[in-house]
Amino acid sequence: MSINRVELQDSARKAFGENGLVPDAAQSWTNLSDMGWFMMTVPEAQGGLGMGADAAAAIHFELGRALVPGPAIAHMLVIEALAATGQDELLERAMSGEVMTTDLCHALDADTASHILLVSDDRIAIARIVSVAPQRSWDETRGLFHAVADNETVLATGKDAKALTDRLRASLLLMLSADSLGGAGAALAMTIDYLKTRRQFDRPLAMFQALKHRVADLKIAHSAAEALLWNRAIGAPTLAEIGALKAHCTTTYLRIAEETIQLHGGIGLTQEHPCHLFLKRAFLNCALGGDADYWEEQAGRFAMENLI
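Residues numbered from 1 in each chain as written. Predicted model: local features only at pLDDT ≥ 70, side-chain atom pairs only at ≥ 80, totals over all residues. Heavy atoms only, no water.

Time to look at the pattern of salt bridges. Side chains bearing opposite charge may pair, as long as their charged atoms lie close to each other. Applying the stated criterion to the full structure yields 13 salt bridges. Notably, a salt bridge pairs arginine 167 with glutamate 80, separated by 2.8 Å at the nearest N-O pair. Of this pair, arginine 167 sits in helix H6 (residues 158-197) while glutamate 80 sits in helix H4 (residues 72-84), and the two are 87 residues apart along the sequence. Note on glutamate 80: relative accessible area 14%, which makes it buried. In this structure, glutamate 140 and lysine 280 form a salt bridge, with 2.9 Å as the shortest nitrogen-oxygen distance. One end of the pair, glutamate 140, is in the loop between strand S3 (123-135) and strand S4 (144-157); the other, lysine 280, is in helix H9 (residues 275-287), and 140 residues separate them in sequence. Three or more residues joined by partner-sharing salt bridges are found here, namely Glu89, Arg93 and Glu98. (Salt bridge = Lys/Arg side-chain N within 4 Å of Asp/Glu carboxyl O. Helix = DSSP H or I, 4+ residues; strand = E, 2+ residues; numbered from the N terminus. Buried < 20%, exposed > 50% of the residue type's maximum accessible area, 1.4 Å probe, protein only.)

Given below as structure tokens:
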């Protein structure tokens, strides 16, 4: 299918950007399914659109920008695994919008899912969910669960499982990176608009030199991280390299979200203002898939091993 990243982002922004932050979860899921985004990276021979990782990143960038709730990241990982292992019947159901999740990211929104993908380095299986128990989470846009499942179907074992697990982890890290930079961009834009309109000492806050420098530093950090994201999305990075990307993008998101609250002053600390929604999503993105300490260590080890 011939469609570029900018066109995908434009269509996603039109679908979600006009509904405000944290749009209705059920309607958002219907929109994702109706627009065919769940089949985006599935090969055309299996009924998909045959697009690359950059297309998935473009969509998750916009989902993060609007703080769209739901398990889209987990669901697309399940679809990737089902496509890679030839599970056509379940794949068709997943592409049509039947919710599925995975333990790779703490069973996101498992209370709405029919199946869970169970992933380890030596075994990957898909199983039917029979019960769930919620885990406490600060992020209000995505729920974490413990899931109990049965009727497992083994998809891969041994070396095949390890290869697919690494591929799924890389996809998870890329999607979290994109979601983070979408959210960071939206939080920063919201802050700039606020500084232009809020006045102090009869002047807009945007006229204060100290605040200009702080915002400029955040804009540079975001632009640099976004350039790295699109570079990695169209390349062939190793798992350690994509992990380093995730560490950088999620910590950039957290930094911008924290600064957003500070730059909004007292109103940024209130429950009624959306600043806290970005901060909470940033914290969860930092934790999912391995935190920055873990992936920076892995990237360092990879670099050292390849220098010897």
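The interhelical angle for the contact between helix H8 (residues 239-263) and H9, taken along N-to-C directions, is 155°, at an axis separation of 9 Å. If you check the angle between H8 and H9, you find them roughly antiparallel. Between H8 and H9 lies a crossing whose hand is left-handed. Contacts from Lys246, Thr250, Thr251, Tyr253, Leu254, Ala257, Glu258, Thr260 and Ile261 of H8 reach H9 at Cys275, Phe278, Leu279, Arg281, Ala282, Phe283, Asn285, Cys286 and Ala287. (Axes fitted to C-alpha atoms, helices over the stretch in contact; angles between N-to-C directions. Parallel < 35°, antiparallel > 145°, perpendicular 65-115°, else oblique. Left-handed = near helix turned anticlockwise from the far one by under 90°. Contact = heavy atoms within 4.5 Å.)

Moving on to unusual backbone geometry. Residue valine 22 is not a glycine yet carries a positive backbone phi of 50°. Its place among the elements puts valine 22 in the loop between helix H1 (5-16) and helix H2 (25-34). In the Ramachandran plot, alanine 107 falls in the positive-phi region, its phi being about 50° despite a non-glycine side chain. Following the sequence through the fold, alanine 107 ends up in the loop between strand S1 (100-102) and strand S2 (115-119).

So, about the sheet that holds S4. Within a sheet, each strand pairs with its neighbour through backbone hydrogen bonds, oriented either parallel or antiparallel. Judged by pairing direction, the sheet is mixed, and its four strands sit side by side in the order S1-S2-S3-S4 without closing on themselves. Both edges of this open sheet fall to S1 and S4, since each of them pairs with a single strand only. Taken pair by pair, the neighbouring strands of this sheet meet at an average axis angle of 30°, ignoring direction. Here S3 pairs with S4 via 11 bridges, running antiparallel. Residue pairing in the sheet places valine 132 in a bridge with alanine 147 of S4. (Pairing = 2+ DSSP bridges.)

Time to look at the packing of aromatic side chains. As enumerated under the stated definition, the model contains five aromatic pairs in all. Here the aromatic rings of tryptophan 29 and phenylalanine 38 are separated by 4.7 Å at their centres, their planes lie at 45°, and the arrangement is tilted. Of the two residues, tryptophan 29 and phenylalanine 38, both sit in the buried class. (Phe/Tyr/Trp six-rings, centres within 6.5 Å; stacked < 30°, edge-to-face > 60°.)

It is worth spelling out helix H10 (residues 292-307) at this point. Counted at 1.5 Å a residue, the expected span for H10 with its 16 residues is 22 Å, and the 22 Å between its end C-alpha atoms agrees. Where H10 starts, the residue carrying a side-chain oxygen 3.3 Å from the main-chain nitrogen of aspartate 293 turns out to be aspartate 291. (Expected span 1.5 Å × (residues − 1). Polar contact = N/O pair within 3.5 Å; in protein donor to acceptor, adjacent residues only side chain to side chain.)

As defined by bridge partners, S2 adjoins S3 across five bridges and the pair is classed as antiparallel. Each residue of the ladder has a partner; that of histidine 115, found in S3, is arginine 128. What sits between S2 and S3 in their antiparallel hairpin is a turn of three residues.

Among the nonpolar cores identified, the biggest contains 74 residues, and Trp37, Leu117 and Leu168 are the most heavily contacted of them. Not counting chain neighbours up to four residues away, the residues in contact with leucine 168 comprise Leu77, Glu80, Ala81, Leu104, Leu117, Val119 and Ile124. Ranked by size, the runner-up nonpolar core spans 23 residues in total, among them Leu205, Leu254, Leu263 and Cys275. (Core = buried A, V, L, I, M, F, W, Y, C linked by side-chain atoms within 4.5 Å.)

Our focus in this paragraph is the packing of H6 against H9. At a minimum axis separation of 10 Å, H6 and H9 run at an interaxial angle of 160°. In terms of orientation, H6 and H9 fall into the roughly antiparallel class. Considering only the axes of H6 and H9, their crossing is left-handed. Here H6 contributes Leu176, Asp179, Ser180, Gly183, Ala186, Ala187 and Met190 to the contact with H9, which in turn contributes Cys275, Phe278, Arg281 and Asn285. In terms of residue class, the contact of H6 with H9 is built from six nonpolar, three polar and two charged. (Nonpolar A, V, L, I, M, F, W, Y, C, P; charged D, E, K, R; others polar.)

So, on to the state of the cysteines. All chains considered together, the criterion is met by zero disulfides. Cysteine cysteine 275 shares no disulfide, and the gap to the nearest cysteine sulfur, in cysteine 286, comes to 17 Å. Looking at the unpaired cysteine 286, the closest cysteine sulfur is the one in cysteine 249, lying at 11 Å. (Disulfide = S-S within 2.5 Å.)

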